[in-house]
Amino acid sequence: MFKLLFIFALLAVLLAVYFNDLTNNIFALFQLQYLKGKHLFTAKELSFYNGVNTPFLYLSILGNIFNVTKGDKHYGVGQSYHIFVGRDASKSFVTGKFSKADATDDVLSLSQKDLKLLNNWFEFYQKEYPKIGKLIGRYYDENGKLTHYARQVRRLIRESEIADNNNQLNKVKFPPCNVEWDPEKGSRVWCTNKSGGIERAWVGKPRQYFEPGSKTYRCACISKENEKLGSVKQYEGCNSDSESCFIKD
Ligand code: HEM
């Protein structure tokens, strides 16, 4: 009698597991077809789609869930990036640490530069894989609205993008000089109309250029209209008209 009960109980558990997997798989097909990225997942629901019980592979980054099934050679069971599926391991995209303990969605300890790198990964997934939903938790609440945490992360990423743009503008206005070093003559800095990788119609003169708020300088090619700026200084011992200067180390 006890044996029979045990067999029934075991059968019931196996059927429940089997039908749960089946339901989840049918749901996966349904939502790919109809929900088009609007579904809200709990962490437990997401954890199902890691390729173990289902052929579907879902990954979350910054709380956004993508179907990466077509990338199974990267994300499938036993593949290099399997850690990313069935969970949100946003931080690992930047740290490159792929242990379970390191695979967290808590990213506020990252620098702004690293957050920008993480956002580049997010943009990569937007381009390469279908978005299928959002993860309820750190980035989205039960109604699919952005959390305070997510807004904070977005603000830091935006600031980092603005800083990158400003740096780029600054490099165009004050292009870096060419530099070479000779053991006898020391360092030489000079300008061409391509120096610093900035192609331009003018050449400019090599000068010490102090970035805003900085006490140190770099060598920049300065155009005529910027020669008088307070942030620009002539190199000692270098003729003001010279396009090439030897500088003391
Ligand atoms: C922070 C460290 C790293 C992260 C987070 C990372 C992440 C990834 C991810 C997510 C993919 C799959 C992209 C897709 O869906 O198409 C990928 C692909 C790949 N990664 Fe990495 N990776 C890292 C470091 C490296 C390093 C150091 C190497 C080489 C030594 C490398 C070599 C590759 C290669 C060869 C592919 C496959 C490209 C292809 O077949 O399309 N990765 N990486």
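Our subject is the structure listed above.
Values in this document were obtained by computation on a predicted structure and should not be read as measured data.

A. Spotlight on the environment of Phe93. Along the chain, Phe93 turns up in helix 4 (residues 92–95). The class of Phe93 is buried, set by 22 C-beta atoms lying within 10 Å. Here the alpha-carbon distance between Phe93 and Trp121, two residues 28 residues apart in the chain, equals 7.4 Å. When near neighbours in sequence (up to four residues on either side) are disregarded, Phe93 contacts Ile61, Leu118 and Trp121.

B. Region of interest: the sheet that holds strand 3 (residues 64–67). Spatial strand order, 1-4-3-2: 4 strands in an open sheet with mixed pairing. Where the open sheet ends on each side, the last strands, each with one partner, are strand 1 (39–41) and strand 2 (58–61). When the angles between neighbouring strand axes are averaged without regard to direction, this sheet yields 35°. Relative to strand 4 (residues 131–135), strand 1 runs parallel, the two being bridged by 3 bridges. When the sheet's bridge partners are listed, Phe41 is paired in strand 4 with Leu135. Contacting strand 2, strand 3 and strand 4, helix 5 (residues 112–128) crosses the sheet at an angle of about 140° to strand 2.

Cut-offs used in this document
Residues numbered from 1 in each chain as written. Predicted model: local features only at pLDDT ≥ 70, side-chain atom pairs only at ≥ 80, totals over all residues. Helix = DSSP H or I, 4+ residues; strand = E, 2+ residues; numbered from the N terminus. Buried ≥ 20, exposed ≤ 12 C-beta atoms within 10 Å, placed from the backbone. Contact = placed C-beta atoms within 7 Å. Pairing = 2+ DSSP bridges. Axes fitted to C-alpha atoms, helices over the stretch in contact; angles between N-to-C directions.

All we've got here are geometric facts, nothing functional implied.
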